[in-house]
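An overview of the molecular structure
Read off the chains here:
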Amino acid sequence: MNAAPLPLPGTLFGRDGRFTVQLKFATNASVFANFPTGTAPPDRSEFDGLVLEVEDRAYQLSRCRLEVEEAQVDPRLVFLDDVYDFSALFREHRMVDLRRVFHNVALVIAQKDQVSPQFRDYTANTVYDLSVYKRFFADQEAMLRKEPASVREAARGALLRAQRTRFFDFMDRGLLGLRQVTASFDDEEHKRHGYYFRRHVWEYIQGAPFLARTNLKPRGYAGDSHMMEMIYEDAFKGNSVFSMLLHRHPLASAAARAVRNRRTMVPLVLRRVQREFQPLPPRGFRFLSVACGPAFEVCDLLAEEPEPEHFHCALLDQDTEALATARAGIQRVQRARRRKFSVAYVNESVRTMLKRADQVDRLGRFHFVYSMGLFDYLTPPVARAVAKRLLELVVPGGTLLIGNYHVDNPTRRYMEYWMDWTLYYRTEAELQALLEDAEAASAELFFEDTGCQMFLQVRKPG
Amino acid sequence: MSELTLRVTPDWDVVRGFWPVSTGFFAGQGLQEETVYALSMIAQELLENAVKYGHYPDDAHGIAVSLRVLKSEATVEVKSPAGPDDAPLRRLDDTIQWIRGFQSPFEAYMERLKAVAMSPPSGGASGLGLVRIAYEGQAVLDFYINPQYELAVSAVHRLPDGSPAGIPAAKADHQPGELAVNRA
Ligand SMILES: C[S@@+](CC[C@H](N)C(=O)[O-])C[C@H]1O[C@@H](n2cnc3c(N)ncnc32)[C@H](O)[C@@H]1O
């Protein structure tokens, strides 16, 4: 429980004069007023206002009335013209001006005037269909409520298996419709319509754990390691059959399969690079994953490699929680294999790591540097600077591998409209341009099987 | 590609005087009036941020601004000397990722307005300027620190298909990377 917030000094003013008060938090919308310098005015006295002092600021609050309550030592102040958020004021010293917040409502409502009629129809139909599905599944589950847990679980499993194809087909048709109805939109229109759409399907988004997380972004950015774990796991999750299906559907999308594809692709490329440097002493083959996330591909590699002692691996991420997940996964493999791996964890943002001229001294150089799911967030000026710096970290003859989603990612609108997940998409030429000035022995561009994601593989001259 | 790179003294009057420079450059690329306005507003916001938050121990340290127009995008990049403290950079990283976490910058803008309505008592940066770049300027923000310890903040504005931009500017004397005019 939170400790009671400290009282705040203030002055009540009105017809009967000015009163110095100590204000104590009562409820979200009222305060208790203590009169330290004299007796309190009588019950139901009204004041023109209250000046409240918070740190070095003074706030003037509007008309209020004193109410004496039997159970309370100090009378309560209730406000007659405005609603104030005293919780924010006392606990965080923030003054919430609800009138200004309400002004914003008009702005939000005005957004809808710029939504195309076809898109409104599309949204209304989608919401209707979703509500029918939700109700249908809820009815089925309601029938099972009185069953023993084991029967309920089995029946849920049967429902999921039986209805998955039908529901996924329904969603796929809906997404096709989305692509059609938005086909002529420019960037700005996509943004506006996406916002409108999510307001309507919010209730459904909230119930599906994956969609809820991509929308709410509890760590402040899309693509956190927990979202990635959900993609790799590709399993049913949620409190109801409907939510489970809605959670699982995006995990079956081409973009999600592309993530799982790179998990197997990266170790293959790594092994190819490793062969070029053989033989190397223990810990002699050094690789670096930039924006490593949960580093599942590294766990796979260390679990399967006959001689994992030959690797030294560095994992870099801006997010300590991502690094903790990666570490936990690698430790699990270590325990299972009863071996010790050489792994360094580096908590750093690529945006600020460039400032260190001593980067190479600090991290060393690597035979293989790769970055998956990072460049999709970097705009050209930053991506170019980061790519150049990563190539500096590669030993002569070593390889740099960079992944980026392609502009034609078929899941793009699904991600933007449903998941509130935007990427910096690139064409082949735009990805290649990131390292066009770099000295390279060879530069190769290839796609994984879904065609969503491309990879730029650059070999440094030996 | 057309590019204009300038050095600007960290001075409010000089920064205010930049408006005709940016509108002139972007209009010269054949961009539509509202795009010219949006990009010039972005340049202005980024420059003001650079004056406010840059570290200028002596006259040798100034601001470098570059305006770039390609076929599919226009970029404004402003470089200013970064301070020794890492905390503001981390905050900037978080703020930019937070803004970019919304498909619709309007949503970020609304959230920020709400936060401003809740008036931060410490009087710190509201972050509204950056959100304006994303929302009104319809641009994607990003930044990095270079080895010269400069903070390079950029905003990329996607140009609509068939935009006349990309046609090289009539005056081809501004080569990428060249210091075209030294105002410092
Ligand atoms: C989409 S995930 C990809 C994770 C992993 N590479 C994978 O393929 O599973 C993105 C990761 O990039 C990290 N990241 C994003 N921006 C970063 C930055 N500027 N510097 C370092 N890491 C960053 C995030 O913390 C997150 O863990």
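For every chain, the first residue of its written sequence is number 1, and the numbers climb from 1 along that sequence. Chain labels run from A onward and ligand labels from 1 onward, assigned in the order the entries are written. pLDDT decides what is reported in this predicted model: residues at 70 or higher carry local features, side-chain atom pairs at 80 or more are listed and counted, and totals for whole chains, interfaces and linings draw on all residues regardless. The basis for every side-chain value is the complete set of non-hydrogen atoms in the structure, without hydrogens or water.

**Topic: the site of the ligand**
All names here are of chain A. Applied cut-off: If even one non-hydrogen atom of a residue comes within 4 Å of a molecule or strand, that residue is called near it. Polar contacts, as counted here, are pairs of nitrogen or oxygen atoms within 3.5 Å of one another; within protein the pair requires one atom able to donate a hydrogen and one able to accept it, and residues that are adjacent in sequence qualify only if both atoms are side-chain atoms. The accessible surface values rely on the Shrake-Rupley method and a 1.4 Å probe; as for residues, cover is taken only from the protein chains in view. Numbered from the N terminus, helices here are DSSP runs of H or I no shorter than four residues, and strands are runs of E no shorter than two. Three classes are used, and their members are as follows: Ala, Val, Leu, Ile, Met, Phe, Trp, Tyr, Cys and Pro are nonpolar, Asp, Glu, Lys and Arg are charged, and the others, Gly among them, are polar. Note that the domain bounds were set by an automatic or database domain assignment.
Around the ligand, the surrounding shell holds 19 residues, and the nearest of these are Y232, R262, A291, D317 and M372. A distance of 3.2 Å is found between a nitrogen atom of the ligand and a backbone nitrogen or oxygen belonging to Q318. Its free accessible area being 600 Å², the ligand has 97% of it covered by the protein chains. Sorting the residues of the shell around the ligand by element identifies α7 (225–233) and α12 (350–353) as the ones contributing at least two each. In the shell around the ligand, the residues fall into 9 nonpolar, 5 polar and 5 charged. Counting contributing residues, the shell around the ligand receives three or more from each of domain 2 (115–252) and domain 3 (256–459).

**Observations concerning the domain arrangement of chain A**
Residue and element names in this part refer to chain A. The condition that has to hold: When checking whether two residues touch, look at their non-hydrogen atoms; a contact exists if any pair is within 4.5 Å. Note on definitions: buried area is the accessible-area loss of two parts on being combined, 1.4 Å probe, summed for both. The rule for a salt bridge is simple: a side-chain nitrogen of Lys or Arg has to be within 4 Å of a carboxyl oxygen of Asp or Glu.
By domain assignment, chain A separates into domain 1 (8–106), domain 2 (115–252) and domain 3 (256–459). Measuring from the centre of the C-alpha atoms in domain 2 to the corresponding centre in domain 3 gives 31 Å. Facing 37 residues of domain 2, the contacting portion of domain 3 comprises 24 residues. Summing the contributions of domain 2 and of domain 3, the shared interface buries around 2,800 Å²; its carbon and sulfur component is 62%. Where domain 2 touches domain 3, the interface holds 5 salt bridges. A salt bridge links R219 to E321; its shortest N-O distance comes to 3.6 Å. Mapped onto the side of domain 2 that touches domain 3, the elements with two or more residues apiece are α3 (117–144), α4 (149–181), α5 (187–207), α6 (209–216), α7 and α8 (241–251). Counting residues per element, the side of domain 2 that touches domain 3 draws most heavily on α5, at 8 residues.

**Some points on the interface of chain B and chain A**
It is common to give the size of an interface as the accessible area that goes away when the parts come together. With 41 residues of chain B in contact, the opposing surface of chain A contributes 46 residues. Carbon and sulfur atoms supply 52% of the area that chain B and chain A bury against each other, a total of about 3,800 Å² over both sides. Counting across the chain B and chain A interface gives 4 salt bridges. Between E430 of chain A and R158 of chain B there is a salt bridge whose closest N-O contact spans 4.0 Å. Counting across the chain B and chain A interface gives 14 residue pairs in polar contact (both at pLDDT 80 or more). Elements that contribute at least two residues to the side of chain B that touches chain A include exactly β3 (73–81), α4 (87–100), α5 (105–117), β4 (139–145) and β5 (150–158) of chain B. Ranked by residues supplied to the side of chain B that touches chain A, first place goes to α5 of chain B with 8 residues. Grouping the amino acids of the side of chain B that touches chain A by side-chain chemistry returns 21 nonpolar, 10 polar and 10 charged.

**Examining the side chain of R262 of chain A**
Residue and element names in this part refer to chain A. One can find R262 in helix α9 (residues 254–276). At 2.7 Å, the side chain of R262 forms a polar contact with the side chain of Q453. When neighbours within four sequence positions are excluded, R262 is seen to be in contact with M228, Y232, P267, M372, G373, Y405, Q453 and F455.

**Here we look at the nonpolar core**
Going by this rule: Only buried residues count toward a nonpolar core. Its members are Ala, Val, Leu, Ile, Met, Phe, Trp, Tyr and Cys residues joined through side-chain atoms within 4.5 Å. The cut-offs for exposure are 20% and 50% of the maximum accessible area for each residue type, with area from a 1.4 Å probe on protein chains only; residues under the lower value are buried, those over the upper are exposed, and the others partly exposed.
Judged by nonpolar contacts, the single largest core of 52 residues is most densely connected at F119, F167, W418 and W421 of chain A. With 9 residues, the top contributor of residues to this core is α4 of chain A. For this core, the two domains that each supply at least three residues are domain 2 (115–252) and domain 3 (256–459) of chain A. Once you skip the residues sitting within four places of it in the chain, W418 of chain A turns out to touch T126, L130, M171, L175, F197, R198, V201, I205, L211, N215 and R413 of chain A. Counting 45 residues, the second-largest nonpolar core is a separate cluster that includes V76, V78, I96 and V153 of chain B.

**What about the sheet that holds strand β12 (residues 366–371) of chain A?**
All names here are of chain A. To keep things clear, this is the line we draw: In this description, strands pair whenever DSSP reports at least two bridges between them. As a rule, the C-alpha atoms of each element are fitted with a line to give its axis, helices using only the stretch in contact, and angles between N-to-C directions run from 0 to 180 degrees.
Taken in spatial order, the 7 strands line up as β11-β10-β9-β12-β13-β15-β14 in an open sheet, and their pairing is mixed. Strands at the two margins of the open sheet, each flanked by one partner only, are β11 (342–347) and β14 (442–447). Neighbour-to-neighbour, the strand axes of the sheet open up by a mean angle of 15 degrees, direction not taken into account. Of the pairings in the sheet, the one linking strand β9 (residues 285–290) to strand β10 (residues 311–317) comprises 6 bridges and is parallel in character. Bridge pairing links F287 to C313 in β10. In the packing of helix α11 (residues 320–337) onto the sheet, contacts are made with β10 and β11, and the angle to β11 comes to roughly 170 degrees.

**Some details on the confidence of the model for chain B**
Interpreting fine coordinate detail is not advised for predicted regions of low pLDDT. Residues and elements named next belong to chain B. Note the cut-off: Looking at any residue, its pLDDT shows the predictor's confidence there, from 0 to 100.
The share of residues in chain B with pLDDT of 70 or more is 79%, and the mean pLDDT across the chain is 81. Segment residues 120–124 is flagged for pLDDT under 50; beyond a separation of four residues in sequence, or across chains, it makes 8 contacts in the model. Predicted as a complex, the structure gets a pTM of 0.82 and an ipTM equal to 0.83.

**Notes on the packing of α7 of chain A against α9 of chain A**
All names here are of chain A. To keep things clear, this is the line we draw: Oblique is the label for every angle not falling under 35 degrees (roughly parallel), over 145 degrees (roughly antiparallel), or within 65 to 115 degrees (roughly perpendicular).
Close contact between α7 and α9 brings their axes to 9 Å; oriented N to C, the two are set at 85 degrees. The angle between α7 and α9 falls in the class roughly perpendicular. Residue-level inspection shows M228, I231 and Y232 of α7 in contact with α9, the latter providing A256, V259, R260, R262 and R263. Split into classes, the residues belonging to the contact of α7 with α9 amount to 5 nonpolar, no polar and 3 charged.

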